[in-house]
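Chain by chain, the residues run as shown.
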Amino acid sequence: MKDILDGIILGLAQGLTEFLPVSSSGHLVLLERAGIGEPSMLTNLLLHLATLLAVLFYYRKSVWEVVRHPLKEKSLFVLTASVPTAGAAALIRFVLPDTDAFLPFFFCVTSVILLLPKILPPKEGVMQGKVVLPALITGLSQGVACFSGI
């Protein structure tokens, strides 16, 4: 019974935090360290897979549009952003496979990142109509988010 309750709590944490600008992975690690569930790569993988399936279902029309028209700007953005994401994620996971010990530090880094737009508001029109640089920055940011807590 405890396993089912732990799974429900972890699933709720994943579902509620995945779409917020906070680390769903970090919150899963935090809950596991608090005794809810046990650290399990399979459990975390299944939770993230369920999230992916929900996102694909919700954005199915947009995803299909990207697949049907691979040379449009949106498709090029996704493809360009995927390269640094994969590179950064692979580098982080293979060079530093266990970064959970730094969870409090990475939560603090995320807090600072979330405050940056208030401190440094973006300029209007900057990078408008350009794909490559924003896509690379987005991809690299997603890759760095492989650190639990970011």
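Higher on the page you've got the structure.
Residues numbered from 1 in each chain as written. Predicted model: local features only at pLDDT ≥ 70, side-chain atom pairs only at ≥ 80, totals over all residues. Heavy atoms only, no water.

### Section: the packing of aromatic side chains
With the rule as written, the count across this model stands at four aromatic pairs. Ring geometry for F102 versus F106: centroids 6.2 Å apart, planes at 65 degrees, classification edge-to-face. Here F106 falls in the buried class, since its relative accessible area comes to 10%. Taken together, the aromatic side chains of F102, F105, F106 and F147 make up a single cluster linked through ring pairs. The lysine or arginine in question, R60, covers the ring of F57, its NZ or CZ lying 4.4 Å from the ring centre. (Phe/Tyr/Trp six-rings, centres within 6.5 Å; stacked < 30°, edge-to-face > 60°. Buried < 20%, exposed > 50% of the residue type's maximum accessible area, 1.4 Å probe, protein only. Lys NZ or Arg CZ within 6 Å of the ring centre and 35° of its normal.)

### A short note on the environment of A34
Inspection of the secondary structure assignment puts A34 in the loop between helix 2 (24–33) and helix 3 (41–58). C-alpha of A34 to C-alpha of A101: the two residues are 67 residues apart in sequence and 14 Å apart in space. (Helix = DSSP H or I, 4+ residues; strand = E, 2+ residues; numbered from the N terminus.)

### Digging into the packing of helix 1 (residues 2–17) against helix 2
Two elements in contact, helix 1 and helix 2, have axes whose closest approach is 9 Å; the angle formed by their N-to-C orientations is 155 degrees. One element, helix 1, and the other, helix 2, form an angle in the roughly antiparallel class. The handedness of the crossing between helix 1 and helix 2 comes out as right-handed. The segment helix 1 lies against helix 2, with I9, L10, A13, Q14 and T17 engaging S24, H27, L28, L31 and E32. For the contact of helix 1 with helix 2, the per-class residue count stands at five nonpolar, four polar and one charged. (Axes fitted to C-alpha atoms, helices over the stretch in contact; angles between N-to-C directions. Parallel < 35°, antiparallel > 145°, perpendicular 65-115°, else oblique. Left-handed = near helix turned anticlockwise from the far one by under 90°. Contact = heavy atoms within 4.5 Å. Nonpolar A, V, L, I, M, F, W, Y, C, P; charged D, E, K, R; others polar.)

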